[in-house]
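Given next are the chains, with one letter for each unit.
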Amino acid sequence: MKIIFWMAVSAVFAFLMLPLIIVVVSSFSEGEIIQFPPNGFTFRWFSNLFGMEIFKRALALSLVLALSSTTLAISTGTICAYCLTRFKGLPGVFLEWFILSPLLVPEIVVGFSLLSFSVRIMKSINPFLILLVGHTLILIPYTTRIIWSSLKNLDPSLEESAVNLGATRLKAFLDITLPNLKSALLASFALDFIASFNNVPISLFLVNPGYTTLPIQLLIYSEYYFDPTVSAVSTVMLLLTLILLSLVEKGVKPFIFISHR
Amino acid sequence: MRKGLILKIFAIVIVSFLFVFFLLPVMMTLLRGFPEMSSFFSDEFYIMALLRTIRIGLMVTLISAVISYPISIFITSLRRFKAFFISLVLFPLMTNTVVRTFGWIVILGKDGVVNKILVLLGFKPVRLLYTDLSVVVGLLHLFLPLMILPLVGAMENIDEELKESARNLGAGPIRVFFDITFPMSLKGLTTGSLLVFVGSITSYITPKLLGGPRLATLSMLLYQKAMVVMDWEGASMVALVMTLMTTGFLVLSNRMSKVVEG
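Residues numbered from 1 in each chain as written. Chains lettered and ligands numbered in written order. Predicted model: local features only at pLDDT ≥ 70, side-chain atom pairs only at ≥ 80, totals over all residues.

*Asks:* How would you explain the overall build of chain B if you had to name every residue and give the values?
*Replies:* If you tally the helices and strands in chain B, you get 13 helices and zero strands. Of the regular secondary structure in chain B, the N- to C-terminal order runs α-α-α-α-α-α-α-α-α-α-α-α-α. C-alpha extents for chain B along the principal axes are approximately 75 × 65 × 35 Å. Among the 262 residues that make up chain B, the fraction classed as buried is 43%. (Helix = DSSP H or I, 4+ residues; strand = E, 2+ residues; numbered from the N terminus. Buried ≥ 20, exposed ≤ 12 C-beta atoms within 10 Å, placed from the backbone.)

Given below as structure tokens:
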């Protein structure tokens, strides 16, 4: 009985980790196609990757996009969370429903709707801007939830006392409330960045020639070549995710981020 | 007073942003899809895709529920390395879908890891990639963490003394599981099932890369209609069906979890 239990547990962990390990290992393989077990050891796919203009551009776009949508989502999310703790009654309920509503619609539907909206209504919108709007849009509900749950635990009378002692509202917010949100903000930053950087369903519809994000570029490339460059790009993406994830403190529940499928 | 006003202005700006770039575009899509609904349900091709999507979603949900229990019990029972194992479960969730799917192509492909082992053992290689099975495996890998984490959350709330007294009264581990752990983790199970099911029926990359072009799901139809054949009415129709399904399940499960909670 015990043995079966332990075998089941190890099998599940192996199942979760195996594909990722295989991708990483195969990026060092010398063969022309992705294979496991790898033969030989080489860094040539990585140097190949950083010599390719399409991947360099896609990486740059993804980084800029992730950074700007994260910044926008965190500022918006902080304000939303602040409003949600202060607004009582109907306005509060309305605001909560509105902010969290993007969670109810499949992302692929949001992506398609934004595409059709931007083509029909906006006619010509800057290709970067529409990507930014799409990414920010889906990050707002998650960000608001994380910051909101941290803000709920904070006594509003702290800020009130600062105001009573002569601080301005803004100064009270910046000096008292904001420092207390540090771990929530850090977690939001890391998780937003990961979610935007890895996003597929929104980007899928909104990328343009010259404005292609890294995951989509990888997808396009892999349709023609399935060589270890694909693994090398994947390894770079995994590494970035790992670094960002290490910023998140314990106790934050990142699994409310079910985005970027 | 001034602060209240500034906050209200901010709130109005954010609500307007979400209205213009989320609610309005999505509503337009859904409304455009509405008149096409009758052609969806009269076309066998669409019905097949719908049924395949639901079937795959149900299989993934069911299997993930079964294999999540042992691991959730294991993680809940830990003291010192709990955070480590939770992040081990979490990490795949944070990685890119495309990357994870590539891993499965290497494992399940024609000359993949599984087939290499089979040949080594003297068996004939089997076709795994581009079947429903490989889609289910890929989705299982994608969404297993979303089943494990709510289950762990629910199990952490079970009083350890309850299980202890059951054991003292002579209950074996199986009895403890079915009389205590399972019924008291139902809330986590419903949350997890919902996340896994909705995730499975709306995912695009996994069925596209592991299922191949012949096995269409709703999300693949949506993409094909929108980006390949440029039939935006048809795409809107598929989008409407998908949205109705996911929203329907979200509302339903909200009811269900209330029933489970009592």
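*Asks:* Please set out the nonpolar core residue by residue, giving values where relevant.
*Replies:* Nonpolar side chains in soluble globular proteins tend to end up buried together. By size, the foremost hydrophobic cluster in this structure holds 135 residues, and its most contacted members are F112 of chain A together with F143, L218, L222 and V238 of chain B. Considering every element that reaches this core, the biggest residue donor is helix 7 (residues 132-156) of chain B, with 15 residues. Residues from two domains meet in this core; each of domain 1 (1-42) and domain 2 (53-256) of chain A gives at least three. (Core = buried A, V, L, I, M, F, W, Y, C linked by C-beta atoms within 7 Å. Domains from an automatic or database assignment.)

*Asks:* Outline the packing of helix 5 (residues 107-120) of chain A against helix 6 (residues 127-152) of chain A, listing residues and values.
*Replies:* Residue and element names in this part refer to chain A. One way to put it is that helix 5 packs onto helix 6 with a least axis distance of 11 Å and a crossing angle of 145°. Crossing of helix 5 over helix 6 shows right-handed handedness. Taking contact as the criterion, the partners of E107, V110, G111, L114 and S118 in helix 5 are, on helix 6, I130, G134 and I138. Within the contact of helix 5 with helix 6, the residues separate by chemical class into four nonpolar, three polar and one charged. (Axes fitted to C-alpha atoms, helices over the stretch in contact; angles between N-to-C directions. Left-handed = near helix turned anticlockwise from the far one by under 90°. Contact = placed C-beta atoms within 7 Å. Nonpolar A, V, L, I, M, F, W, Y, C, P; charged D, E, K, R; others polar.)

*Asks:* Tell me about the confidence of the model for chain A, and name the residues and values.
*Replies:* Residues with a pLDDT of 70 or more make up 95% of chain A, whose mean pLDDT is 86. Below a pLDDT of 50 lies the segment residues 257-261 of chain A, which in the model reaches 22 contacts outside its immediate sequence neighbourhood of four places, other chains included. (pLDDT = per-residue confidence, 0-100.)

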